[in-house]
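Single-letter residue listing:
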Amino acid sequence: MARAAATAENETRTAEVDAKGRAYGTGRRKNAVARVWVKKGKGKYSINGKTLEQYFARPVLRMIINQPFAALGEEGKFDVIVTVLGGGLSGQAGAVRHGISRALDAYNPEYHKVLRQGGFLTRDSRVVERKKYGHRKARRSFQFSKR
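From a predicted model like this one, the values you see are computed outputs, not experimental measurements.

**What about the overall build of the protein?**
Point 1. A tally of helices and strands in the protein yields five helices and four strands.
Point 2. Across the protein, helices and strands are ordered from the amino to the carboxyl terminus as α-β-β-β-α-α-β-α-α.
Point 3. What you see for the protein is a C-alpha radius of gyration of 19 Å, clearly larger than the 15 Å of a compact globule of 147 residues, by over 25%.
Point 4. With respect to the three principal axes, the spread of C-alpha positions in the protein is 70 × 50 × 25 Å.
Point 5. For the protein, buried positions account for 31% of its 147 residues.
Point 6. Intrachain contacts of the protein at a sequence separation of at least 6 include 69% that bridge at least 24 residues.
Point 7. A total accessible area of about 9,800 Å² is found for the protein, and carbon and sulfur atoms account for 51% of it.

**Here we look at unusual backbone geometry**
Point 1. Not every positive phi belongs to a glycine, and K30 is a case in point at roughly 50°.
Point 2. For K30, the position within the fold is in the loop between β1 (23-29) and β2 (32-40).
Point 3. Take K30: its relative accessible area is 37%, and that puts it in the partly exposed class.
Point 4. Non-glycine residue N48 carries a positive phi angle of around 50°.
Point 5. Mapped onto the elements of the fold, N48 is located in the loop between β3 (45-47) and α2 (52-55).

**Considering the confidence of the model for the protein**
Point 1. Scored by pLDDT, the protein comes out at a mean of 91, with 93% of its residues at no less than 70.
Point 2. No element of the protein has a lower mean pLDDT than helix α1 (residues 2-12), at 58, and none a higher one than β3, at 97.

**Topic: the pattern of salt bridges**
As a working rule, side chains carrying opposite charge can pair if their charged atoms are close by.
Point 1. Counted according to the given criterion, the structure contains eight salt bridges.
Point 2. One salt bridge connects R29 with D124, and the closest N-O pair in it is separated by 3.5 Å. With R29 in strand β1 and D124 in the segment after α5 (112-118), the pair connects residues that are 95 residues apart, well separated along the chain.
Point 3. Between E74 and K40 there is a salt bridge, with its nearest N and O atoms 4.0 Å apart. Highlighted residues: E74 in the loop between α3 (59-72) and β4 (78-85) and K40 in strand β2, separated in sequence by 34 residues.
Point 4. When salt bridges with common partners are traced through the structure, they connect R29, D124 and R126 into a single cluster.

The rules behind the values
Per chain, residue numbering runs from 1 following the sequence as it is written. Local features in a predicted model are, by the rule used here, given only for residues with pLDDT of at least 70; side-chain atom pairs are given and counted only at 80 or more, and totals for whole chains, interfaces and linings are based on all residues. Hydrogen atoms and water are omitted, and side-chain values are computed over all heavy atoms in the structure. Each helix is a run of H or I in the DSSP string that is no shorter than four residues. Each strand is a run of E no shorter than two, and both are numbered from the N terminus. Throughout, radius of gyration means the C-alpha value; the globule benchmark is 2.2 Å times the number of residues raised to the power 0.38. For every residue, the accessible area obtained with a 1.4 Å probe (protein chains only) is divided by the maximum for its type, and the residue is called buried under 20%, exposed over 50%, and partly exposed between those limits. Residues count as neighbours in contact if any of their non-hydrogen atoms are within 4.5 Å of one another. Under the convention used here, a 1.4 Å probe and the Shrake-Rupley method define accessible areas, while residue burial counts only the protein chains that appear. Residue-level confidence of the predictor, termed pLDDT, takes values from 0 up to 100. Any carboxyl oxygen of Asp or Glu that lies within 4 Å of a side-chain nitrogen of Lys or Arg is treated as forming a salt bridge with it.

Printed below as a string of structure tokens:
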């Protein structure tokens, strides 16, 4: 019964594209939030007005961002415009990946199954644990001294 409802939901999904042919997705990771627009193009990235290589200099971060396209086999076929705020570079890269995945899902509902199986549509809820009173860090205590 649940599967029948899920398949009926997938059939009713429609592409959410604006007049300029762009699809929007919001991505979040740690304290970073990314607003992402995706449209058909030549694979150009604009992240806070910079290119992908300028903003994310480390190759690992660029690989994280390109994972949704690689899973779909659509590398270099979409232009991506991103505004990202908060957190560090690692959290921002995760937020951009999440936003790209959600935007691609809105652009073409047929991408949903592949993105869901790859885990790209799930928000990574892990955040930094807070520091506790009487401890040096979140879990580290002060060194015990008997005398």
